[in-house]
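Reading the structure
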Amino acid sequence: MTAQILDGKATAAAIKSDLTARVAALKEKGVTPGLGTILVGDDPGSQKYVAGKHRDCAQVGIASIQRELPATATQEEIEAVVRELNEDPACTGYIVQLPLPKGIDENRILELMDPDKDADGLHPMNLGRLVLNESAPLPCTPNGVLTLLRQYGVEIKGAEVVVVGRGVTIGRPMPLLLTRRSENATVTQCHTGTRDLSAHLKRADIIIAAAGSAHLVRAEDVKPGAAVLDVGVSRSAEGKIVGDVHPDVAEVAAWISPNPGGVGPMTRAQLLVNVVEAAERSVD
Ligand SMILES: Nc1nc2c(c(=O)[nH]1)N[C@@H](CN(C=O)c1ccc(C(=O)N[C@@H](CCC(=O)O)C(=O)O)cc1)CN2
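Values in this document were obtained by computation on a predicted structure and should not be read as measured data.

Definitions and limits used
- Residues numbered from 1 in each chain as written.
- Predicted model: local features only at pLDDT ≥ 70, side-chain atom pairs only at ≥ 80, totals over all residues.
- Heavy atoms only, no water.
- Helix = DSSP H or I, 4+ residues; strand = E, 2+ residues; numbered from the N terminus.
- Rg over C-alpha atoms; globule rule 2.2 N^0.38 Å.
- Buried < 20%, exposed > 50% of the residue type's maximum accessible area, 1.4 Å probe, protein only.
- Contact = heavy atoms within 4.5 Å.
- Lys, Arg positive; Asp, Glu negative; His and termini not counted.
- Charge placed at Lys NZ, Arg CZ, Asp CG, Glu CD.
- Near = heavy atom within 4 Å.
- Polar contact = N/O pair within 3.5 Å; in protein donor to acceptor, adjacent residues only side chain to side chain.
- Areas by Shrake-Rupley, 256 points an atom, 1.4 Å probe, with all protein chains shown as cover.
- Nonpolar A, V, L, I, M, F, W, Y, C, P; charged D, E, K, R; others polar.
- Axes fitted to C-alpha atoms, helices over the stretch in contact; angles between N-to-C directions.
- Parallel < 35°, antiparallel > 145°, perpendicular 65-115°, else oblique.
- UniProt positions renumbered as here; feature names shortened; annotations may be inferred.
- Expected span 1.5 Å × (residues − 1).
- Arc of directions from axis to C-beta.

A few words now on the overall build of the chain. For the chain, the count of helices and strands is 9 helices and 11 strands. Computed over the C-alpha atoms, the radius of gyration of the chain is 19 Å, within 12% of the 19 Å expected from 2.2 N^0.38 for a compact globule of 284 residues. Based on the C-alpha atoms only, the size of the chain along its principal axes is roughly 50 × 40 × 40 Å. Sorting the 284 residues of the chain into buried and exposed places 52% on the buried side. Across the chain, the fraction of contacts at a sequence separation of at least 24, relative to all contacts at a separation of at least 6, is 70%. Both charge centroids of the chain, one from 29 positive and one from 36 negative side chains, sit 3 Å from each other.

Structure follows, in C-alpha coordinates:
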(Lines give C-alpha, C1' and ligand atoms only; values in the text may rest on other atoms or scores of the structure.)
Protein backbone atom coordinates (compact mmCIF):
# COMPACT_ATOMS: atom_id res chain seq x y z
CA MET A 1 0.00 0.00 0.00
CA THR A 2 1.25 3.50 -0.73
CA ALA A 3 -0.45 6.11 1.40
CA GLN A 4 -2.51 8.95 -0.01
CA ILE A 5 -0.85 12.30 0.71
CA LEU A 6 -2.79 14.67 2.99
CA ASP A 7 -1.77 17.77 1.07
CA GLY A 8 -1.70 20.66 3.54
CA LYS A 9 -0.37 23.13 1.01
CA ALA A 10 -3.28 22.62 -1.40
CA THR A 11 -5.89 22.55 1.38
CA ALA A 12 -4.46 25.74 2.92
CA ALA A 13 -4.53 27.43 -0.50
CA ALA A 14 -8.26 26.65 -0.84
CA ILE A 15 -8.94 28.02 2.67
CA LYS A 16 -7.01 31.21 1.85
CA SER A 17 -8.95 31.69 -1.35
CA ASP A 18 -12.24 31.54 0.61
CA LEU A 19 -10.84 33.94 3.22
CA THR A 20 -9.82 36.45 0.53
CA ALA A 21 -13.48 36.88 -0.43
CA ARG A 22 -14.57 37.12 3.22
CA VAL A 23 -11.93 39.79 3.97
CA ALA A 24 -13.10 41.79 0.94
CA ALA A 25 -16.69 41.61 2.25
CA LEU A 26 -15.53 42.80 5.69
CA LYS A 27 -13.70 45.74 4.14
CA GLU A 28 -16.89 46.77 2.33
CA LYS A 29 -18.50 46.97 5.79
CA GLY A 30 -15.63 49.20 6.99
CA VAL A 31 -13.74 46.51 8.92
CA THR A 32 -10.14 45.66 8.10
CA PRO A 33 -8.86 42.65 10.06
CA GLY A 34 -5.31 43.16 11.36
CA LEU A 35 -3.04 40.39 12.66
CA GLY A 36 -0.30 41.30 15.12
CA THR A 37 2.72 39.12 15.87
CA ILE A 38 5.17 39.40 18.75
CA LEU A 39 8.47 37.73 17.99
CA VAL A 40 11.14 37.65 20.68
CA GLY A 41 14.70 36.59 19.87
CA ASP A 42 16.39 35.34 16.73
CA ASP A 43 15.41 31.68 16.43
CA PRO A 44 15.53 31.08 12.64
CA GLY A 45 12.53 28.70 12.71
CA SER A 46 10.34 31.21 14.55
CA GLN A 47 11.47 34.02 12.23
CA LYS A 48 10.50 31.90 9.24
CA TYR A 49 7.08 30.98 10.67
CA VAL A 50 6.27 34.60 11.53
CA ALA A 51 7.40 35.81 8.08
CA GLY A 52 5.10 33.16 6.56
CA LYS A 53 2.17 34.39 8.64
CA HIS A 54 2.63 37.93 7.31
CA ARG A 55 2.99 36.68 3.72
CA ASP A 56 -0.34 34.89 4.17
CA CYS A 57 -1.92 38.09 5.54
CA ALA A 58 -0.80 40.05 2.47
CA GLN A 59 -2.23 37.33 0.23
CA VAL A 60 -5.74 37.47 1.72
CA GLY A 61 -5.87 41.22 2.49
CA ILE A 62 -5.38 41.14 6.28
CA ALA A 63 -3.30 44.04 7.64
CA SER A 64 -0.02 43.12 9.36
CA ILE A 65 1.36 44.51 12.60
CA GLN A 66 4.84 43.19 13.47
CA ARG A 67 6.60 43.64 16.80
CA GLU A 68 10.10 42.25 17.26
CA LEU A 69 12.15 42.22 20.44
CA PRO A 70 15.73 41.03 21.00
CA ALA A 71 16.50 37.75 22.80
CA THR A 72 17.63 39.87 25.76
CA ALA A 73 14.16 41.46 26.20
CA THR A 74 12.88 41.35 29.78
CA GLN A 75 9.52 40.03 30.96
CA GLU A 76 8.39 43.65 31.51
CA GLU A 77 9.42 44.72 27.99
CA ILE A 78 7.46 41.87 26.41
CA GLU A 79 4.46 42.58 28.63
CA ALA A 80 4.54 46.23 27.53
CA VAL A 81 4.17 45.15 23.88
CA VAL A 82 1.31 42.80 24.81
CA ARG A 83 -0.47 45.72 26.53
CA GLU A 84 0.15 47.91 23.48
CA LEU A 85 -1.48 45.38 21.11
CA ASN A 86 -4.36 44.86 23.55
CA GLU A 87 -5.10 48.59 23.15
CA ASP A 88 -4.38 48.99 19.40
CA PRO A 89 -7.71 49.15 17.49
CA ALA A 90 -5.94 48.30 14.20
CA CYS A 91 -4.87 44.97 15.71
CA THR A 92 -8.01 42.82 15.74
CA GLY A 93 -6.11 39.65 16.71
CA TYR A 94 -2.54 38.74 17.58
CA ILE A 95 -0.17 35.98 18.57
CA VAL A 96 2.96 35.69 20.66
CA GLN A 97 5.31 33.39 18.76
CA LEU A 98 6.34 30.42 20.93
CA PRO A 99 8.64 29.36 22.41
CA LEU A 100 9.78 32.50 24.23
CA PRO A 101 13.43 32.71 25.34
CA LYS A 102 14.44 30.85 28.51
CA GLY A 103 13.72 32.81 31.69
CA ILE A 104 10.52 34.39 30.35
CA ASP A 105 7.29 33.33 32.05
CA GLU A 106 5.32 32.23 28.98
CA ASN A 107 2.09 31.59 30.88
CA ARG A 108 2.09 35.09 32.37
CA ILE A 109 2.49 36.56 28.88
CA LEU A 110 -0.40 34.47 27.50
CA GLU A 111 -2.61 35.38 30.48
CA LEU A 112 -1.99 39.08 29.88
CA MET A 113 -3.37 38.95 26.35
CA ASP A 114 -6.88 40.21 25.69
CA PRO A 115 -8.74 36.88 25.22
CA ASP A 116 -10.91 38.52 22.54
CA LYS A 117 -7.76 39.25 20.51
CA ASP A 118 -6.22 35.80 21.04
CA ALA A 119 -5.77 34.58 17.45
CA ASP A 120 -4.03 31.37 18.54
CA GLY A 121 -6.73 30.11 20.92
CA LEU A 122 -4.05 29.59 23.58
CA HIS A 123 -5.22 32.10 26.20
CA PRO A 124 -6.29 30.19 29.36
CA MET A 125 -9.78 31.70 29.05
CA ASN A 126 -10.16 30.30 25.52
CA LEU A 127 -8.68 26.90 26.42
CA GLY A 128 -11.15 26.87 29.33
CA ARG A 129 -14.01 27.71 26.95
CA LEU A 130 -12.93 24.74 24.83
CA VAL A 131 -13.06 22.47 27.89
CA LEU A 132 -16.54 23.82 28.69
CA ASN A 133 -17.71 23.30 25.10
CA GLU A 134 -18.23 27.02 24.62
CA SER A 135 -17.42 28.89 21.44
CA ALA A 136 -13.76 30.00 21.29
CA PRO A 137 -11.00 30.47 18.72
CA LEU A 138 -9.53 27.00 18.20
CA PRO A 139 -5.79 26.33 18.57
CA CYS A 140 -4.39 26.49 15.05
CA THR A 141 -2.40 23.26 14.67
CA PRO A 142 -5.01 20.92 16.21
CA ASN A 143 -7.72 22.58 14.13
CA GLY A 144 -5.48 22.28 11.05
CA VAL A 145 -5.10 18.54 11.70
CA LEU A 146 -8.89 18.10 11.96
CA THR A 147 -9.54 20.15 8.83
CA LEU A 148 -7.02 18.06 6.88
CA LEU A 149 -8.58 14.77 8.06
CA ARG A 150 -12.05 16.00 7.11
CA GLN A 151 -10.87 17.26 3.71
CA TYR A 152 -9.66 13.77 2.80
CA GLY A 153 -12.64 11.94 4.27
CA VAL A 154 -10.73 10.17 7.04
CA GLU A 155 -13.30 8.76 9.49
CA ILE A 156 -12.83 10.47 12.87
CA LYS A 157 -16.05 9.34 14.56
CA GLY A 158 -15.34 6.31 16.72
CA ALA A 159 -11.69 6.21 15.64
CA GLU A 160 -8.95 5.19 18.05
CA VAL A 161 -6.59 8.17 17.95
CA VAL A 162 -3.13 8.26 19.50
CA VAL A 163 -1.67 11.72 20.10
CA VAL A 164 2.07 11.65 20.81
CA GLY A 165 3.18 14.75 22.71
CA ARG A 166 1.77 17.07 25.36
CA GLY A 167 2.97 20.54 24.39
CA VAL A 168 0.68 23.56 24.73
CA THR A 169 0.27 24.28 20.99
CA ILE A 170 -0.71 20.73 19.88
CA GLY A 171 -0.55 17.86 22.37
CA ARG A 172 -2.64 19.39 25.14
CA PRO A 173 -5.49 20.85 23.05
CA MET A 174 -5.65 18.10 20.36
CA PRO A 175 -7.59 15.59 22.51
CA LEU A 176 -10.00 18.35 23.56
CA LEU A 177 -10.98 18.88 19.93
CA LEU A 178 -11.11 15.18 19.06
CA THR A 179 -13.37 14.22 21.97
CA ARG A 180 -16.05 16.86 21.30
CA ARG A 181 -19.40 15.25 20.44
CA SER A 182 -19.00 16.52 16.88
CA GLU A 183 -15.83 14.42 16.42
CA ASN A 184 -16.48 11.56 18.87
CA ALA A 185 -13.02 10.00 18.67
CA THR A 186 -11.46 7.93 21.45
CA VAL A 187 -8.08 9.40 22.32
CA THR A 188 -4.96 8.02 23.98
CA GLN A 189 -2.33 10.62 24.81
CA CYS A 190 1.25 9.32 24.83
CA HIS A 191 4.33 11.18 26.05
CA THR A 192 7.85 10.58 27.32
CA GLY A 193 6.42 8.78 30.36
CA THR A 194 4.50 6.24 28.21
CA ARG A 195 5.82 2.73 28.93
CA ASP A 196 5.10 1.01 25.61
CA LEU A 197 4.51 3.57 22.85
CA SER A 198 4.66 0.95 20.12
CA ALA A 199 1.76 -1.02 21.68
CA HIS A 200 -0.44 2.10 21.67
CA LEU A 201 0.53 3.09 18.11
CA LYS A 202 -0.27 -0.39 16.77
CA ARG A 203 -3.92 -0.04 17.88
CA ALA A 204 -4.42 3.42 16.37
CA ASP A 205 -6.65 4.26 13.41
CA ILE A 206 -5.18 7.78 13.46
CA ILE A 207 -1.73 8.75 14.75
CA ILE A 208 -0.90 12.39 15.44
CA ALA A 209 2.83 12.59 16.08
CA ALA A 210 3.85 15.84 17.74
CA ALA A 211 6.79 14.85 19.90
CA GLY A 212 9.61 16.60 18.03
CA SER A 213 11.56 13.33 18.01
CA ALA A 214 13.00 12.42 14.60
CA HIS A 215 11.46 9.28 13.00
CA LEU A 216 9.89 8.22 16.29
CA VAL A 217 6.98 6.50 14.51
CA ARG A 218 8.26 3.54 12.45
CA ALA A 219 6.46 1.41 9.85
CA GLU A 220 6.34 -1.61 12.19
CA ASP A 221 4.41 0.49 14.77
CA VAL A 222 1.61 1.41 12.37
CA LYS A 223 -1.60 -0.52 11.70
CA PRO A 224 -2.12 -1.07 7.95
CA GLY A 225 -4.71 1.45 6.71
CA ALA A 226 -4.12 4.01 9.47
CA ALA A 227 -3.92 7.78 8.92
CA VAL A 228 -0.64 9.26 10.14
CA LEU A 229 -0.12 12.98 10.70
CA ASP A 230 3.44 14.15 11.09
CA VAL A 231 3.51 17.33 13.15
CA GLY A 232 6.93 17.09 14.82
CA VAL A 233 9.86 19.16 13.65
CA SER A 234 13.51 18.30 14.19
CA ARG A 235 16.37 19.57 12.06
CA SER A 236 19.10 17.53 10.35
CA ALA A 237 22.74 18.68 10.55
CA GLU A 238 22.11 20.48 7.22
CA GLY A 239 19.10 22.30 8.69
CA LYS A 240 16.50 20.26 6.79
CA ILE A 241 13.17 19.38 8.47
CA VAL A 242 13.00 15.83 9.85
CA GLY A 243 9.54 14.79 10.99
CA ASP A 244 8.41 12.42 13.75
CA VAL A 245 7.35 9.85 11.15
CA HIS A 246 9.77 7.55 9.30
CA PRO A 247 9.32 7.72 5.49
CA ASP A 248 8.70 3.91 5.36
CA VAL A 249 5.35 4.50 7.13
CA ALA A 250 3.98 5.57 3.72
CA GLU A 251 4.13 1.89 2.68
CA VAL A 252 1.78 0.83 5.51
CA ALA A 253 -0.55 3.76 6.17
CA ALA A 254 -3.56 4.65 4.03
CA TRP A 255 -3.04 8.41 4.53
CA ILE A 256 0.05 10.36 5.51
CA SER A 257 0.76 14.06 5.90
CA PRO A 258 4.10 15.14 4.44
CA ASN A 259 6.45 17.24 6.52
CA PRO A 260 7.00 19.90 5.26
CA GLY A 261 3.84 20.54 3.24
CA GLY A 262 1.31 18.91 5.59
CA VAL A 263 0.21 20.32 8.92
CA GLY A 264 2.53 23.41 8.86
CA PRO A 265 0.63 25.28 6.11
CA MET A 266 -2.65 24.27 7.80
CA THR A 267 -1.50 25.89 11.07
CA ARG A 268 -0.99 29.15 9.21
CA ALA A 269 -4.34 28.92 7.38
CA GLN A 270 -6.26 28.26 10.61
CA LEU A 271 -4.65 31.32 12.18
CA LEU A 272 -6.12 33.44 9.39
CA VAL A 273 -9.49 31.72 9.90
CA ASN A 274 -9.43 32.77 13.57
CA VAL A 275 -8.59 36.38 12.63
CA VAL A 276 -11.36 36.59 10.02
CA GLU A 277 -13.97 34.88 12.23
CA ALA A 278 -13.23 37.33 15.07
CA ALA A 279 -13.64 40.27 12.67
CA GLU A 280 -16.89 38.80 11.34
CA ARG A 281 -18.24 38.44 14.89
CA SER A 282 -17.48 42.14 15.46
CA VAL A 283 -19.86 43.18 12.64
CA ASP A 284 -22.62 40.60 13.34
N1 LIG B 1 2.12 31.25 18.95
C2 LIG B 1 2.40 30.09 18.36
N3 LIG B 1 3.65 29.61 18.38
C4 LIG B 1 3.90 28.43 17.77
C5 LIG B 1 2.88 27.72 17.08
C6 LIG B 1 1.57 28.24 17.10
O7 LIG B 1 0.61 27.67 16.55
N8 LIG B 1 1.38 29.45 17.73
N9 LIG B 1 3.18 26.57 16.37
C10 LIG B 1 4.56 26.24 16.10
C11 LIG B 1 5.15 26.93 14.90
N12 LIG B 1 4.24 27.38 13.83
C13 LIG B 1 3.41 28.40 14.05
O14 LIG B 1 3.73 29.38 14.64
C15 LIG B 1 4.40 26.92 12.49
C16 LIG B 1 5.11 25.77 12.20
C17 LIG B 1 5.30 25.37 10.87
C18 LIG B 1 4.79 26.13 9.84
C19 LIG B 1 5.02 25.81 8.42
O20 LIG B 1 4.39 26.37 7.56
N21 LIG B 1 5.96 24.91 8.12
C22 LIG B 1 6.31 24.57 6.76
C23 LIG B 1 7.81 24.43 6.65
C24 LIG B 1 8.55 25.69 6.93
C25 LIG B 1 10.07 25.46 6.85
O26 LIG B 1 10.54 25.17 5.77
O27 LIG B 1 10.72 25.57 7.90
C28 LIG B 1 5.67 23.23 6.38
O29 LIG B 1 5.41 22.43 7.28
O30 LIG B 1 5.47 23.01 5.21
C31 LIG B 1 4.07 27.26 10.13
C32 LIG B 1 3.87 27.64 11.45
C33 LIG B 1 5.43 26.60 17.29
N34 LIG B 1 5.15 27.92 17.76
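Now that the structure has been shown, the text picks up again.
A word on the site of the ligand. Around the ligand, the surrounding shell holds 17 residues, and the nearest of these are K53, V96, L98, D120 and G261. Here a nitrogen atom of the ligand sits 2.6 Å away from a polar atom, N or O, in the side chain of D120. Note that an oxygen atom of the ligand is positioned 3.2 Å from one of the side-chain N or O atoms of R235. With the chains in place, 84% of the 680 Å² that the ligand exposes on its own is no longer accessible. Secondary-structure elements contributing two or more residues to the shell around the ligand are helix 2 (44-60) and helix 9 (263-283). Of the residues belonging to the shell around the ligand, the class tally is 6 nonpolar, 6 polar and 5 charged.

With that settled, consider unusual backbone geometry. A cis amide bond links L98 to the next residue, P99, at an omega of 0°. You can see P99 is positioned in the loop between strand 4 (93-96) and helix 4 (106-112). Geometrically, the link from N259 to P260 is a cis peptide bond, its omega value of 10° lying close to zero. Mapping P260 onto the fold places it in the loop between strand 11 (255-256) and helix 9. Phi at N133 is positive, roughly 65°, even though this residue is not glycine. Inspection of the secondary structure assignment puts N133 in the loop between helix 5 (124-131) and helix 6 (140-151).

Axis separation between helix 1 (residues 8-28) and helix 2 bottoms out at 8 Å; the angle between their running directions is 55°. Considered as vectors, helix 1 and helix 2 are oriented oblique to each other. Contacts between helix 1 and helix 2 involve K16, L19, T20 and V23 from the first element and D56, Q59 and V60 from the second. Its residues assigned to classes, the contact of helix 1 with helix 2 comprises 3 nonpolar, 2 polar and 2 charged.

UniProt annotation of "domain: Tetrahydrofolate dehydrogenase/cyclohydrolase NAD(P)-binding" (unreviewed entry) refers to residues 139-282 when read in the numbering used here. Along residues 139-282 the backbone is 31% helical and 17% strand, and the end-to-end C-alpha distance reaches 20 Å.

Our next topic: the UniProt feature "binding site: NADP(+)" (unreviewed entry) in the chain. According to UniProt, the "binding site: NADP(+)" (unreviewed entry) feature falls on G165, R166, G167 and V233. These annotated residues cover 69 residues of sequence, and their C-alpha atoms all fall within 14.4 Å of one another, placing them together at a single site. With respect to the helices, strands and loops of the structure, G167 is situated in the loop between strand 5 (160-164) and helix 7 (173-178). Not counting residues up to four positions away in its chain, the partners in contact with G167 are R172 and P173. With respect to the helices and strands, V233 occurs in the loop between strand 8 (227-230) and strand 9 (234-235). Leaving out residues up to four positions away in the same chain, V233 has contacts with Y49, G212, I241, V242, D244 and N259.

Here we take up helix 3 (residues 75-87). Compared with an ideal rise of 1.5 Å per residue, which puts 13 residues at 18 Å, helix 3 spans 19 Å between its outermost C-alpha atoms and is within 8% of the ideal. Every buried residue of helix 3 is listed here: Q75, I78, E79, V81, V82, L85 and N86. All buried residues of helix 3 fall inside an arc of 155° around its axis, so they share one side. In helix 3, the exposed residues that point more than 90 degrees away from the buried face are E76 and E87.

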